[in-house]
Amino acid sequence: MIELQNVSYAHKKGYGVNNLNMLIKNSDFTFLIGPTGSGKTTLMRLLYFDLLPDSGVVKVNGYSSNKVNQKQISKARMKIGMVFQDYKLLSDRNLFENVALPLHVMGFATNQISARVDEAIELVGLEGKENHLPEELSGGEQQRASLARAIIKEPDIILADEPTGNLDPVASFELVRLLETIHETGTTVLMASHNYNLIKGRGRPIFELKNGILRVR
């Protein structure tokens, strides 16, 4: 489902990742750990085809970085749910509208959208808050809203980039459990975190990224 082959990428300011190799099978739940600035977000952006490597090949769900054009990148992203640390919710739209946005972009008919949004909101435990603006939600609720928006497309893969970074320990644990519940439906999940204590002992594969170098922990 995900494969990195000798992947390197350098930002203009000099930092980046170097000679990364990774293999994640279909329906795996995998953790990526590393301190702030280690390259986790760069790796996630490479998997989302937001960045293309300077060398090596990124393969995600049948798409390869050395062959994709912009149209194919758009298609690839339809099957990837991205969860950001800073939520990226639109402040002028309520919860329902934020979660529904990907379906509008994908061209779903209005009568198809409501049921899917209701299902996603229920799955993340935010029923009754459909009309709330992001500022009216707690940090944990905003992150669950971000997750609902990611799963609304019924993606093959969820990439969660430090989704618990701004949450307290209880909300962090609940979010990981929610990702595990989604994984149980067959979705491949890769979650990045700097908090090893949160993810240890869960029986999941762990990759560690440090100073731009990746290894299996």
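Numbering of residues starts from 1 in each chain and follows the order in which that chain's sequence is written. Residues qualify for local features only when their pLDDT is at least 70, as the model is predicted, and side-chain atom pairs are given and counted only at 80 or more; totals for whole chains, interfaces and linings, by contrast, use all residues. The side-chain figures draw on all heavy atoms in the structure; neither hydrogens nor water molecules are used.

1. Quick notes on the pattern of salt bridges
Piece 1. Basic side-chain nitrogens of Lys or Arg form a salt bridge, by our definition, when they fall within 4 Å of a carboxyl oxygen of Asp or Glu. Scanning the entire structure with this criterion turns up eleven salt bridges.
Piece 2. One salt bridge connects arginine 45 with aspartate 50, and the closest N-O pair in it is separated by 2.8 Å.
Piece 3. Each residue is placed in one exposure class: buried if its accessible area under a 1.4 Å probe, protein chains only, is under 20% of its type's maximum, exposed if it is over 50%, and partly exposed if it falls in between. Arginine 45 gets classed as partly exposed once you look at its relative accessible area, which sits at 30%.
Piece 4. Taking relative accessible area as the criterion, aspartate 50 reaches 38% and is therefore assigned partly exposed.

2. A few points about the packing of aromatic side chains
Piece 1. Between the rings of Phe, Tyr and Trp (Trp by its six-membered ring), a pair exists once the centres lie within 6.5 Å; its type follows the angle of the planes, with under 30 degrees stacked, over 60 edge-to-face, and the other angles tilted. The full count for this structure, using the stated rule, is one aromatic pair.
Piece 2. The ring of phenylalanine 84 carries lysine 88 above its face, with NZ or CZ at 5.2 Å from the centroid.
Piece 3. The ring centre of tyrosine 196 lies 4.0 Å from the NZ or CZ of arginine 217, which sits over that ring. Two conditions define a charge located above a ring, namely a distance within 6 Å from the ring centre to NZ of Lys or CZ of Arg, and an angle within 35 degrees of the ring normal.

3. Some words on the sheet that holds strand β4 (residues 55–60)
Piece 1. In this description, strands pair whenever DSSP reports at least two bridges between them. Secondary structure follows DSSP: runs of H or I at least 4 residues long count as helices, runs of E at least 2 residues long count as strands, and numbering of each begins at the N terminus. Across the sheet, four strands lie side by side as β2-β1-β4-β5; this open sheet has antiparallel pairing. The strands lining the two open edges of the sheet, one partner per strand, are β2 (16–24) and β5 (63–64).
Piece 2. Where strand β1 (residues 2–10) lies against β2, six bridges are found, and the strand directions are antiparallel. By the bridge assignment for β2, valine 7 is matched with leucine 20.
Piece 3. We call two residues contacting when some pair of their heavy atoms lies within 4.5 Å. Axes, fitted as lines to C-alpha atoms, cover a helix only where it is in contact. Angles between the N-to-C directions of the axes lie from 0 to 180 degrees. Helix-sheet contacts for helix α1 (residues 40–47) involve β1, β2 and β4, and the interaxial angle to β1 is about 120°.

4. Regarding the pairing of strand β3 (residues 29–33)
Piece 1. Within β3, five of the five residues are buried, leaving the element largely enclosed by the surrounding structure.
Piece 2. The pairing of β3 with strand β8 (residues 188–193) spans five bridges and is parallel. Paired with threonine 30 across the two strands is leucine 190, which belongs to β8.
Piece 3. Examined bridge by bridge, β3 and strand β9 (residues 206–210) share three bridges and lie parallel to one another. Its bridge partner lying in β9, phenylalanine 31 is registered against isoleucine 206.

5. Brief notes about the packing of helix α3 (residues 95–105) against helix α4 (residues 110–123)
Piece 1. Relative orientation of the contacting elements α3 and α4 amounts to 125°, with a least axis distance of 10 Å. Compared by their axis directions, α3 and α4 come out oblique. For α3 against α4, the interelement crossing comes out right-handed. Only Ile113, Ser114, Arg116, Val117, Asp118, Ala120 and Ile121 of α4 make contact with α3, whose side of the interface consists of Leu95, Phe96, Val99, Ala100, Leu103 and His104. Small angles under 35 degrees read as roughly parallel and large ones over 145 as roughly antiparallel, with 65 to 115 read as roughly perpendicular and the rest as oblique. Left-handed describes a crossing whose near helix is turned anticlockwise from the far helix through less than a right angle; right-handed describes the clockwise counterpart.

6. Let's talk about the nonpolar core
Piece 1. The term nonpolar core refers to a set of buried residues drawn from Ala, Val, Leu, Ile, Met, Phe, Trp, Tyr and Cys, joined through side-chain atoms within 4.5 Å. Membership of the largest hydrophobic core comes to 36 residues, with the highest contact counts inside it found for Val99, Val117, Leu147, Ile158, Leu179 and Met191.
Piece 2. When residues of this core are traced back to their parent elements, those giving at least two are β3, α3, α4, α5 (139–151), β7 (157–161), α6 (169–183), β8 and α7 (196–199).
Piece 3. Ranked by the residues each element gives to this core, the list is headed by α6, at six residues.
Piece 4. Not counting residues within four places of it along the chain, the set of residues in contact with leucine 179 comprises Phe29, Leu147, Ile158, Ala160, Val189 and Met191.
Piece 5. Tyr48, Val58, Val60 and Leu159 belong to the second-largest nonpolar core, a separate cluster that totals 30 residues.

7. Side note on the environment of aspartate 28
Piece 1. With respect to the helices, strands and loops of the structure, aspartate 28 is situated in the loop between β2 and β3.
Piece 2. In this structure, the C-alpha to C-alpha distance between aspartate 28 and proline 205, residues 177 residues apart in sequence, is 8.4 Å.
Piece 3. Other than its neighbours up to four places away in sequence, aspartate 28 contacts His183, Thr187, Thr188 and Val189.

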